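The primary structure of each chain is shown beneath.
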There are 2 protein chains.
Amino acid sequence: MTTKVSGKRVAVLFSGGPAAGGHNVVAGLKQILGPENTLMGIKAGPKGLLKGNLFEITDDHIQQIINTGGFNFMGTDRTKIEKPEDIDKVKAVCQEYNLDAIVVIGGDDSNTNAAFLAEKLFSDVKEDGSGVQVIGVPKTIDGDLQLGDELPISFGFDTATKIYAEKVGNLLRDTGSSLKYWHFVRLMGRSASHVTLEVALQTHPTIALISEEVRECNITMSEIVDSIANIVIERAKKGLNYGVVLVPEGLIEFIPGFTTMIDDLNDKMAKFKDELSGKNIREQLIFMYSKLTQGHGELLESLPDPIKYKLMANRDEHGNLPVSQIETETMLSSAVKARINELENTIKFDSINHFFGYEARCGASTLFDAAYTYNLGATAGSLILDDRTGYMASLTDLDKGAKPLGIPIASLLDIEIRKGKPAKVIEKALVKLDSPAFIYFDSRRKLWAENDLSNSPGPVQLWGPTSRQLPKTVVLNREYASLEFKFASE
Amino acid sequence: MTTKVSGKRVAVLFSGGPAAGGHNVVAGLKQILGPENTLMGIKAGPKGLLKGNLFEITDDHIQQIINTGGFNFMGTDRTKIEKPEDIDKVKAVCQEYNLDAIVVIGGDDSNTNAAFLAEKLFSDVKEDGSGVQVIGVPKTIDGDLQLGDELPISFGFDTATKIYAEKVGNLLRDTGSSLKYWHFVRLMGRSASHVTLEVALQTHPTIALISEEVRECNITMSEIVDSIANIVIERAKKGLNYGVVLVPEGLIEFIPGFTTMIDDLNDKMAKFKDELSGKNIREQLIFMYSKLTQGHGELLESLPDPIKYKLMANRDEHGNLPVSQIETETMLSSAVKARINELENTIKFDSINHFFGYEARCGASTLFDAAYTYNLGATAGSLILDDRTGYMASLTDLDKGAKPLGIPIASLLDIEIRKGKPAKVIEKALVKLDSPAFIYFDSRRKLWAENDLSNSPGPVQLWGPTSRQLPKTVVLNREYASLEFKFASE
């Protein structure tokens, strides 16, 4: 026997970078709350919550946004609600709009923030002394918000990787057509290499680098460059002088010592500005080796020349080189070219660099993301109607009926040092080298490097023979019996 | 009454950059030739013809390649067959393989080359003194090989523009979601702006530059930068501090004097290398103004500072800056940022640069390109069976049954000065400012710049509500009654 809950007032916001499916979370939420309860939208993310920028979401709105990509229905931003005065503002907005619950659709940081809000709004917000519920919904194209069987994947990952896989598949076809290019493709996805691994499993590229392996196996930049150069040379000898190299966005951070070395270099170049002026790049480098902290000088000196030059030359207007703006794919392809010239200077190496990123965050959500997010929204709504707070909505067993689950966010929080202070955060899930997905990749990559075994999936986000497939990394890691997703509602 | 032609031996090759649909040209050709005639494939383009790298195309091959993108079934290259000794090699290969006809699938240059070959192989190739027929098939994603009603569009254009439009549409959604970015997107397409115009009509971007307008209206780089900066400022004042700017790949060449100025700058920087060393960029610029040829110095001096600096700084290992490698989108966004700082320095301008190119040349061919190319292949085959030579296959009236047409290539050749010598070439079709497509664009662009009216078509290459639509520029320019394509064979 169920009692129908009515009169609840719920507000929903997007937080962080956009991802496909957000609109369907709102639709699923609206559906489960029904006409007996009220759903409000918060404009422009957490900042809009602080400003009290709310509006009522109608059935007409839902008709317009259902199954569309992006977060453009309400907008998003990256404001963190942390300071006591921010909490006071949120409480005032809750009171003004008579809110009973807030739904935060966001990534690991946003869900951490949701848990913090849940704690702060637990009681004494409303006149009767009761609190306001806060529920999180797991979003990120990066795939680094996942918790084994309990949260197989965040939403947006499937859409982004299917879009990247289409493009990488097209490039792989291009290499076999024009027979002369090496494409170096940096793929969005922050620190973790989930996106790169997934795209590799879908397309079978010539080479795919996985940052987590670079760190765990202590692979140096020179070793990476050497191994790519050797594959290029071996393929050229077989008449296959072309290929595609996938480079995860976060690679640089995983090369031991690289990030701190860059920070050190930025500092010291500013400090010794006068001494450096008038010197050419080679002279500047020799000067800097001795000025960097022990270890950093050696690391800089050990890098392939083209990479050193790029690190010295590509400075912004303040003379800095932010790590996030290092074009790893460009750096790698220059270094590979130089290495090939040293090893076999008769081999022509023609490379083209790419960054695939923003164009997939707001793609039309795939069949999976569309169904998944609608059900995530419904799960979030059920948690609200069940008077829960501090939970994240999830769905398990995606291959057989998808069971809804509420995960207490507090149980996920670890202590991590951020900006020198201990902070409670949800740990980012990295690619594990002992996971079935990585092991499968490892068992195939030599064949992909030596032959033309590429796969070009095409535009299967919404239609087509493989459009109902789950991400391959999820199927492998969760040991799902079926490649296809199944929802009870279907 | 028709007589069945049998025993003909036909060879087919790809030439130039790949484009979606090439495989279906081969399939259509194979179908019309039937089992009574033989179809050979030539590997790796015109170079493969010179080397005699041929193989027989079987029905099994066709089953594997039909409806797939790319040219990877045989590969392509850009070799031009011009020298008398090359013609002798081709004749020898024709004799070795007993060929009766060659089909060249390529762009304007390749079809020009096909006409040249047709002339050279017109007679005295075979033992009986007869010749070898040569038929061209019009391919290019750039859309610059089109001839009014007789050849409404080349194949590959529809696929490339639908892929770019999906991505640009995604970026437009992203701007309305994250509410803070200006995306500057350079679109492949060589000199002409057909691709940019088509993508603009499909997506309604905030701004789209059209090179042909820049040349015809004598618009300077500073004026372009000013007009973008003003739109950014006006939108920011309305709370719309984001947008997408489309930049055609060929823009630089259309700015009066720009290309020759860059060549002059490359020459003089090499000449005055010693004088320049030790100077900073500002000093180098002042030095160069007076060294450039009359007019070029003034043009360089008139450019926005960030563009000047980029022209001086971005030099390759030989100290050169090839025009083709100028990242126009990056140059423009830096200059717009500087201009906004001068005009309204309270406005935050956050830009992200993109080049969309190679990932669409080998996309899975759209429904239109798949049907169009199959029929083009069949048309080419019919011209061969009808003993024609020097013709290009075409289809007219694409909106109502698509009639096959053979166009004598010689009739298309104009005399143009190339590398200082007169040469017969097919003139590249540019965007005409008095064409219905441009006039339509012109009538809408102010609205698109001032509001959020963007359209995100999604992945409709193969399936979906608008998947059967012809390119919008073609529908407008040909005044087709229907947006959809129709083929007699369907």
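My aim in this report is to walk through the structure given alongside it, one point at a time.

### Quick look at the overall build of chain A
Then comes step 1: When helices and strands are tallied, chain A shows 19 helices and 14 strands.
Then comes step 2: Here chain A has a C-alpha radius of gyration of 25 Å; the compact-globule value for 490 residues is 23 Å, and the two agree.
Then comes step 3: Here chain A holds 490 residues, and 58% of them are scored as buried.
Then comes step 4: Of the contacts formed within chain A by residues at least 6 apart in sequence, a portion of 75% connects residues at least 24 apart.
Then comes step 5: Carbon and sulfur atoms make up 49% of the accessible area of chain A, which totals about 19,800 Å².
Then comes step 6: One finds the centroid of the 54 positive side-chain charges in chain A at a distance of 2 Å from the centroid of its 65 negative side-chain charges.

### Here's the deal with the interface of chain B and chain A
Then comes step 1: Listed by partner, the interface residues are 40 residues for chain B and 40 residues for chain A.
Then comes step 2: Taken together, the two surfaces of chain B and chain A that pack against each other cover about 3,100 Å², and 59% of this comes from carbon and sulfur.
Then comes step 3: Our enumeration of links across chain B and chain A arrives at two salt bridges.
Then comes step 4: Mapped onto the side of chain B that touches chain A, the elements with two or more residues apiece are helix 6 (157–178), strand 7 (181–187) and strand 10 (350–356) of chain B.
Then comes step 5: A per-element tally of the side of chain B that touches chain A places helix 6 of chain B first, with 10 residues.
Then comes step 6: Of the residues contributing to the side of chain B that touches chain A, the split by class is 16 nonpolar, 16 polar and eight charged.

### A closer look at the packing of aromatic side chains
The relation between two aromatic rings is expressed through the spacing of the ring centres and the mutual angle of the planes.
Then comes step 1: Under the definition given, this model contains 22 aromatic pairs over all chains.
Then comes step 2: In this structure an aromatic cluster arises from ring pairing among Phe368(A), Tyr372(A), Phe485(A) and Phe487(A).
Then comes step 3: Stacked on the ring of Phe356(B), the Lys or Arg Lys167(B) has its end atom at 3.6 Å from the ring centre.
Then comes step 4: Directly above the aromatic system of Phe355(B) lies the positively charged group of Arg186(B), at a separation of 4.3 Å from the ring centroid.

### Quick word on the packing of helix 7 (residues 194–203) of chain B against helix 18 (residues 436–450) of chain B
All names here are of chain B.
Then comes step 1: Here helix 7 crosses helix 18 at 55°, and the two axes come no closer than 10 Å. In terms of their interaxial angle, helix 7 and helix 18 are classed as oblique. The two elements helix 7 and helix 18 cross, and the hand of that crossing is left-handed. Two secondary-structure elements touch here, helix 7 through Leu197, Ala200 and Leu201 and helix 18 through Ala437, Phe438, Tyr440, Phe441 and Trp448.
Then comes step 2: Partitioning the contact of helix 7 with helix 18 into residue classes produces eight nonpolar, no polar and no charged.

### Overview of helix 17 (residues 367–385) of chain B
Then comes step 1: The end-to-end C-alpha distance of helix 17 of chain B, which contains 19 residues, comes to 27 Å, matching closely the 27 Å that a straight helix rising 1.5 Å per residue would cover.
Then comes step 2: For helix 17 of chain B, the tally of buried residues reaches 15 of 19 residues, placing the bulk of the element in the interior.

### Looking at the sheet that holds strand 9 (residues 243–248) of chain A
Residue and element names in this part refer to chain A.
Then comes step 1: An order of 8-9-7-10 is seen for the four strands of this open sheet, with the pairing classed as parallel. Strand pairing shows two members of the sheet lacking a second neighbour, strand 8 (207–208) and strand 10 (350–356), which therefore form its edges.
Then comes step 2: Strand direction decides the pairing type here: strand 8 and strand 9, joined by two bridges, are parallel. Bridge assignment links Ala208 to a residue of strand 9, and that residue is Leu246.
Then comes step 3: Strand contacts of helix 7 (residues 194–203): strand 7 (181–187), strand 8 and strand 9, with the helix running at about 155° to strand 9, the strand carrying the most contacts.

### Some remarks on the nonpolar core
Then comes step 1: Val26(A), Val103(A), Tyr164(A), Tyr372(A), Val26(B), Tyr164(B) and Tyr372(B) are the most contacted members of the largest nonpolar core, which totals 210 residues.
Then comes step 2: By size, the runner-up hydrophobic cluster in this structure holds 45 residues, among which are Phe272(B), Phe287(B), Leu303(B) and Phe349(B).

### Overview of the environment of Val90(B)
Residue and element names in this part refer to chain B.
Then comes step 1: Position of Val90 among the secondary structure elements: in helix 4 (residues 84–96).
Then comes step 2: Judged by relative accessible area, Val90 falls into the buried class, the value being 0%.
Then comes step 3: Sequence separation between Val90 and Gly48 is 42 residues; the distance between their C-alpha atoms is 10.0 Å.
Then comes step 4: Aside from chain neighbours lying at most four places away, what touches Val90 is Leu49, Leu50, Ile81, Ile102, Leu117 and Leu121.

### Considerations on unusual backbone geometry
All names here are of chain A.
Then comes step 1: Here Asn67, not a glycine, exhibits a phi torsion of approximately 65°, which is positive.
Then comes step 2: Summarising the element assignment, Asn67 is placed in the loop between helix 3 (59–65) and strand 4 (76–77).
Then comes step 3: In the Ramachandran plot, Asp124 falls in the positive-phi region, its phi being about 60° despite a non-glycine side chain.

### Concerning helix 18 (residues 436–450) of chain A
Residues and elements named next belong to chain A.
Then comes step 1: Relative to the 21 Å expected for 15 residues at 1.5 Å per residue, helix 18 spans 23 Å between its end C-alpha atoms, a close match to the ideal helical length.
Then comes step 2: Along helix 18, the sharpest change in direction is near 40° and occurs at Arg444.
Then comes step 3: Within helix 18, burial applies to Ala437, Phe438, Phe441, Trp448 and Ala449.
Then comes step 4: Next to the buried residues of helix 18 lie helix 7, strand 8, helix 8 (211–216), helix 9 (221–237) and helix 19 (472–477).

### Focus: the sheet that holds strand 10 of chain B
Then comes step 1: Across the sheet, which stays open at both edges, the four strands sit in the order 8-9-7-10 (chain B) with parallel pairing between neighbours. Of all strands in the sheet, those bounded by a partner on one side alone are strand 8 (207–208) and strand 10 of chain B.

Definitions and limits used
Residues numbered from 1 in each chain as written. Chains lettered and ligands numbered in written order. Predicted model: local features only at pLDDT ≥ 70, side-chain atom pairs only at ≥ 80, totals over all residues. Heavy atoms only, no water. Helix = DSSP H or I, 4+ residues; strand = E, 2+ residues; numbered from the N terminus. Rg over C-alpha atoms; globule rule 2.2 N^0.38 Å. Buried < 20%, exposed > 50% of the residue type's maximum accessible area, 1.4 Å probe, protein only. Contact = heavy atoms within 4.5 Å. Areas by Shrake-Rupley, 256 points an atom, 1.4 Å probe, with all protein chains shown as cover. Lys, Arg positive; Asp, Glu negative; His and termini not counted. Charge placed at Lys NZ, Arg CZ, Asp CG, Glu CD. Buried area = accessible area lost by both parts, 1.4 Å probe. Salt bridge = Lys/Arg side-chain N within 4 Å of Asp/Glu carboxyl O. Nonpolar A, V, L, I, M, F, W, Y, C, P; charged D, E, K, R; others polar. Phe/Tyr/Trp six-rings, centres within 6.5 Å; stacked < 30°, edge-to-face > 60°. Lys NZ or Arg CZ within 6 Å of the ring centre and 35° of its normal. Axes fitted to C-alpha atoms, helices over the stretch in contact; angles between N-to-C directions. Parallel < 35°, antiparallel > 145°, perpendicular 65-115°, else oblique. Left-handed = near helix turned anticlockwise from the far one by under 90°. Expected span 1.5 Å × (residues − 1). Pairing = 2+ DSSP bridges. Core = buried A, V, L, I, M, F, W, Y, C linked by side-chain atoms within 4.5 Å. Bend = angle between axes of the 7 residues up to and from the residue.

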